[in-house]
Amino acid sequence: MSEARVAEVLLDQNLEKPLDYEIPENFRASIQIGSRVEVYVRNTLRKGTISILKKASAFAKLRPLHRIITESTLSDPLWKLAHWMSRYYCSPLQRTMKCFTPPNVRREVKPKTRLTARLAITREIALELCKTLQSKQSAQAAVLEKILNSERPPFLSALLEELKISRSPIDALVKKKALTLQETADDALDDAEFFPSPPKTLNPEQAKSLEQIDESLQSGAFKTHLLFGVTGSGKTEVYLQAIQQALDLGKSALLLVPEIALTSQTIERFRARFGLKLAVLHHRKSLGERSSAWESLKSGETRIAIGARSAIFCPAQNLGLIIIDEEHDSSYKQNEEMPTYHARDIAVMRGKLENAVVILGSATPSLDSYHNALTGKYSLSILTARATRASQPSVRIIDMKSALDKAGGFSHFCPDLLDAIKDRAEKGEQTLLLLNRRGYRRMQICSQCRYIAKCPHCDLSLTYHKGPNTLRCHLCDYQSPLLRQCPSCQGSSQMEFRGFGTEHVEKSLSAIFPHIKTLRMDRDTTQKKNSHEEMFKEFRAHKADVLIGTQMIAKGFHFPSATLVGILNADAALQIPDFRSAESVFQLIAQASGRAGRSDLKGEVILQTFLPQHPLLHLAAAQDYPTFYAREIEERRQFSFPPFCRLAKVVFSGPDETETLEAITHFRKALVSAALPEIEILPALPAGHPKIKDRYRFQFLIKTRNILPLSDCLATLRANASTSRKIHILIDIDPTSTFF
Ligand code: ADP
Ligand code: ZN
Ligand code: ZN
């Protein structure tokens, strides 16, 4: 390293190319690739990361590096991962680095520390002292007693709060040299209560899965396992024991869960097994807290990390195991900005680079992962039975057309569902009702000229929200008052409403059963930080009989007394023109059904549909994944969609419709001229949402056999595109949706 005179620096702020800086003499010994540094750009100090060290630069006069912030930020495998990601997702390295240097790193946020109170004397002496202090200085005695009875040194704040004392007795004990106060990294413990839970004896299927995983762990070689098990089959117990195996081998483990499942309920399960030795990476935590989690992983002090999508980039040392729970979940994909990475795919790549074992777990695996398992790329373990006495719920499919004909008018609920809800409420059991649309009424339309109230900034009809009494755009949050008169024909005719949302369902249910308490959970009711967690707690504490919500209620939660799940419009999502829509509907129904009857009580699912014959619904109802897979994979093969080809999506958006269309057409032509082998370039068309926030959107799809040559080509085209700066280009590799 000592020969390097020049460092290439990737600046944190949006520059597409790295800049060269001279390495001052006194920095040469310590500087490395991955060092965080501060440099002058014109007259401002900017931060960045060193990407390359070299002997000389093509530029004559270089400015020196100003300051080293930290000597190294990235381990070798993470650095390689960043390079791979940058190429694969055709996203410049500096942009990709953003994933590896989150805000706590970029802003040099100091880890949050807290004071803990530790004994500075032996337990025996402390006991003695406690006795002598008892009569005259009872507060001091109480402090000692508390510490003696704690498994680990308590936080000062916890002592003060629990004993309801001021600091003076503690200061007195410090003065007596009986106590010391020490700064410890706050491992983001919310002072939550948790009860130790020892490992469970595994059932034969679990044991077999764990054995296979353990074999891979022991061998120290990269291997991906797909753990396919119905909800409640005990996947989490397998994760817990696999993590223990990794720890026993001196390695660390990383667990990813979908954003919405990163609640205290989930975290408590892991704390109950591993105590405080885990780092929770959570965007809802303060930067200081995130910084302590990050640093303790980096130093190797903490060897278990739990987090959502972006935690896949955390600096866990000597990583032995990566677990992606609910691997099919769409929240693992970053869609809106580049790099458009998928955390599951990053996990597999990181596993490869770190020689780690990867476990992908799901009750409804993505078609891609299951395909990889069947073709031998992944090892497949199956858990077929629920781990506890709970049995699989029974599912009824209700033909809504005939139900409504019989009832003689519209209702959200077929009579069977109403009976079932009433029955559960009487028995003190709970119900979940799922409808995939929030708001009260879906749109306002003129009864005469069919004018539809639309967002002026987006190509989307406005949804009526009754609570705030406004029309709202679900793409940009634009709001307007209700229309009294049609702005188009200004006739005397009425504006009518069409379609329904969760707000309406809640209101209707309360009208039918005034005594049944409901709780509604959708984007509108969960705006505040932690609000969805609070609502889950409320529902679990049985503060309501019925939980009504959008798909967010279908995911990964355990409500012991929920025995009924009603899916109000099971087939709605089938109308979305996307090659994955069948897969998502299957997942949604199977996952929602998994919420019913997770304890001793038998669960039931009622599926309302206007397509009662649709085979997909029957397969989902029977949780028959293999048959669903066989059908679906055949369709993918026939129409040549992933996993039988690789897909990329190019999206252009800009304020001027014609200009944007011209730009994408030009870009597409350039790609056609590049004449890559085995590639199919589909026509440029308006995107599924052709206009969002006053920007017109066009897209085209590319099918190919090999992503990397395509990525390289797209990256070059993008870098050289002479499009106006107002036009934004998004390249989405392996898009999860072709519609949006
Ligand atoms: P999954 O993660 O597949 O949904 P969980 O791991 O949550 O399933 O398991 C469901 C329930 O079964 C939990 O309450 C769990 O404690 C229990 N469980 C799991 N494995 C066992 C086992 N081997 N013996 C007894 N109970 C188990
Ligand atoms: Zn009109
Ligand atoms: Zn809008």
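Since the model is a prediction, treat every value here as computed from it, not as a measurement.

Definitions and limits used
- Residues numbered from 1 in each chain as written.
- Chains lettered and ligands numbered in written order.
- Predicted model: local features only at pLDDT ≥ 70, side-chain atom pairs only at ≥ 80, totals over all residues.
- Heavy atoms only, no water.
- Buried < 20%, exposed > 50% of the residue type's maximum accessible area, 1.4 Å probe, protein only.
- Helix = DSSP H or I, 4+ residues; strand = E, 2+ residues; numbered from the N terminus.
- Pairing = 2+ DSSP bridges.
- Expected span 1.5 Å × (residues − 1).
- Arc of directions from axis to C-beta.
- Contact = heavy atoms within 4.5 Å.
- Donors = N, O, S within 2.8 Å, 3.2 Å for Na, K, Ca; no water.
- Tetrahedral: all angles 85-135°; square planar, octahedral: opposite > 155°, others 65-115°.
- Near = heavy atom within 4 Å.
- Polar contact = N/O pair within 3.5 Å; in protein donor to acceptor, adjacent residues only side chain to side chain.
- Areas by Shrake-Rupley, 256 points an atom, 1.4 Å probe, with all protein chains shown as cover.
- Nonpolar A, V, L, I, M, F, W, Y, C, P; charged D, E, K, R; others polar.
- Axes fitted to C-alpha atoms, helices over the stretch in contact; angles between N-to-C directions.
- Parallel < 35°, antiparallel > 145°, perpendicular 65-115°, else oblique.
- Left-handed = near helix turned anticlockwise from the far one by under 90°.
- Salt bridge = Lys/Arg side-chain N within 4 Å of Asp/Glu carboxyl O.

A.B. asks: Is there a simple way to explain the pairing of strand S25 (residues 604-609) in this structure?
C.D. replies: Here is the key point about a regular strand: its side chains alternate between the two faces of the sheet. The element S25 is largely enclosed, with a buried count of six among its six residues. Both faces of S25 are covered, namely the face carrying Glu604, Ile606 and Gln608 and the face carrying Val605, Leu607 and Thr609. Across six bridges, strand S15 (residues 394-399) lies against S25 in parallel orientation. Paired with Arg396 across the strands is Ile606, a residue of S25. Sheet analysis places strand S24 (residues 562-567) next to S25, joined by four bridges and oriented parallel. From the neighbouring strand, Val565 faces S25, where its bridge partner is Val605.

A.B. asks: Just checking my understanding: could you explain helix H20 (residues 625-638) for this structure?
C.D. replies: Three- or four-residue spacings in an α-helix give side chains the same orientation, since the helix completes a turn every 3.6 residues. The first and last C-alpha atoms of H20 sit 20 Å apart over 14 residues, in line with the 20 Å expected at 1.5 Å per residue. Considered for burial, the residues of H20 that qualify are Tyr625, Phe628, Tyr629, Glu632, Ile633 and Arg636. Seen end-on, H20 carries its buried residues on one side only, within an arc spanning 120 degrees. Packed against the buried residues of H20 are strand S8 (223-229), helix H13 (367-374), helix H18 (581-593) and helix H19 (615-621).

A.B. asks: Would you take a moment to explain the coordination of the zinc ion (ligand 2) for this structure?
C.D. replies: Tetrahedral metal sites with four donors have an ideal angle of 109.5 degrees; octahedral sites with six donors have ideal angles of 90 or 180 degrees. Protein coordination at the zinc ion (ligand 2): the donors are Cys446 (SG), Cys449 (SG), Cys486 (SG) and Cys489 (SG), at 2.3 to 2.4 Å from the metal. Here the zinc ion (ligand 2) binds four donor atoms, and the angle range of 106 to 114 degrees at the metal identifies the geometry as tetrahedral. The sequence pattern formed by the donor residues of the zinc ion (ligand 2) is C-x2-C-x36-C-x2-C.

A.B. asks: Please explain the site of ligand 1 as it appears in this structure.
C.D. replies: The environment of ligand 1 is made up of 17 residues, and the closest members are Thr201, Gln206, Gly232, Thr236 and Arg269. Between ligand 1 and Arg269, the relevant distance is 2.8 Å, taken from an oxygen atom to a side-chain nitrogen or oxygen of the residue. Computed on the free molecule, ligand 1 has an accessible area of 560 Å², of which 80% lies beneath the protein chains in the complex. Classifying every residue of the shell around ligand 1 by side-chain character gives three nonpolar, nine polar and five charged.

A.B. asks: Where do I start with the coordination of the zinc ion (ligand 3) in this structure?
C.D. replies: Taken together, Cys455 (SG), Cys458 (SG), Cys473 (SG) and Cys476 (SG) make up the protein donors of the zinc ion (ligand 3), found 2.3 Å from the metal. Linear spacing of the donor residues for the zinc ion (ligand 3) on their chain is C-x2-C-x14-C-x2-C. Taken together, the residues span a long stretch of sequence, with Cys458 in the loop between strand S17 (441-446) and strand S18 (463-465) and Cys476 in the loop between strand S19 (470-472) and strand S20 (479-480) at a distance of 18 residues.

A.B. asks: Whenever I open this one, the side chain of Thr518 confuses me. Can you help?
C.D. replies: Position of Thr518 relative to the elements: it lies in strand S22 (residues 518-521). Leaving out residues up to four positions away in the same chain, Thr518 has contacts with Glu506, Leu509, Ser510, Ala544, Val546 and Ile548.

A.B. asks: Teacher, can you tell me more about unusual backbone geometry here?
C.D. replies: Across the chain, the bulk of peptide bonds are trans and the bulk of non-glycine residues have phi less than zero. A cis amide bond, omega -5 degrees, links Met338 with the succeeding residue Pro339. Examined against the element boundaries, Pro339 turns out to sit in the loop between strand S12 (319-324) and helix H12 (343-354). Residues Pro642 and Pro643 are joined by a peptide bond in cis, for which omega reads 5 degrees. Of note in the backbone geometry, Arg42 takes a positive phi value of approximately 50 degrees without being a glycine. Its location among the elements puts Arg42 in the loop between strand S3 (36-41) and strand S4 (44-54).

A.B. asks: What should I look at first to understand the packing of helix H1 (residues 76-88) against H12 in this one?
C.D. replies: A pair of packed helices can be characterised by two numbers: the angle between their axes and the separation between those axes. One can describe the packing of H1 onto H12 by two numbers: an axis separation of 9 Å at closest approach and a directional angle of 135 degrees. On the basis of the axis angle, H1 is oblique to H12. The crossing of H1 and H12 is right-handed. In contact with Pro77, Leu78, Lys80, Leu81, Trp84 and Met85 of H1, H12 contributes Ile346, Met349, Arg350, Leu353 and Glu354. Across the contact of H1 with H12, the residue classes break down as eight nonpolar, no polar and three charged.

A.B. asks: Is there a simple way to think about helix H10 (residues 264-274) in this case?
C.D. replies: Summarising burial for H10: nine of the eleven residues are buried, a large majority. Looking at H10, one finds that the buried residues are Ser264, Gln265, Thr266, Ile267, Phe270, Arg271, Ala272, Arg273 and Phe274. The secondary structure elements touched by the buried residues of H10 are helix H9 (235-248), strand S9 (252-256), strand S10 (278-281), strand S11 (304-307) and helix H17 (531-540). Following H10 by one or two positions, Gly275 adopts a phi angle in the positive range, close to 65 degrees.

A.B. asks: What is the right way to look at the sheet that holds S4 in this model?
C.D. replies: Strands in a sheet are paired, the pairing made by backbone hydrogen bonds, and the direction either parallel or antiparallel. Read across the open sheet, the five strands follow the order S2-S1-S4-S3-S5; overall the sheet is antiparallel. Unpaired on one side and paired on the other, strand S2 (19-22) and strand S5 (67-70) mark the two borders of the sheet. The sheet shows a mean angle of 50 degrees between the axes of neighbouring strands, direction not considered. Two strands pair when backbone bridges link them, and strand S1 (residues 6-11) and S4 are joined in this way by six bridges, in the antiparallel orientation. Pairing of Leu11 across the sheet is with Gly48, part of S4. Where helix H2 (residues 93-100) meets the sheet, it contacts S1 and S4, and its direction lies at approximately 70 degrees from that of S1.

A.B. asks: Looking at this structure, how should I read the sheet that holds S11?
C.D. replies: With parallel pairing, seven strands are arranged side by side in an open sheet as S10-S11-S9-S12-S13-S8-S14. At either margin of the open sheet sits one strand with a lone partner, and together these are S10 and strand S14 (379-383). Direction aside, the axes of adjacent strands within the sheet are offset by 15 degrees on average. Taken together, the four bridges between S10 and S11 define a ladder with parallel strand orientation. Residue pairing across strands places Ala279 opposite Ala305, the latter belonging to S11. Taken strand by strand, helix H8 (residues 204-219) contacts S8, S12, strand S13 (357-362) and S14, and its axis lies near 155 degrees from that of S14.

A.B. asks: What exactly am I supposed to notice about the pattern of salt bridges here?
C.D. replies: Any two side chains of opposite charge can pair, given that their charged atoms come close. Enumeration according to the criterion identifies 37 salt bridges in this entry. Here Glu38 makes a salt bridge to Arg67, at a shortest N to O gap of 2.8 Å. In this pair, Glu38 sits in strand S3 while Arg67 sits in strand S5, placing the two residues 29 residues apart along the sequence. Between Arg498 and Glu496 there is a salt bridge, with its nearest N and O atoms 3.3 Å apart. Residues joined in a network through salt bridges with shared partners are Arg396, Asp416, Asp423, Arg424, Lys427 and Glu604.

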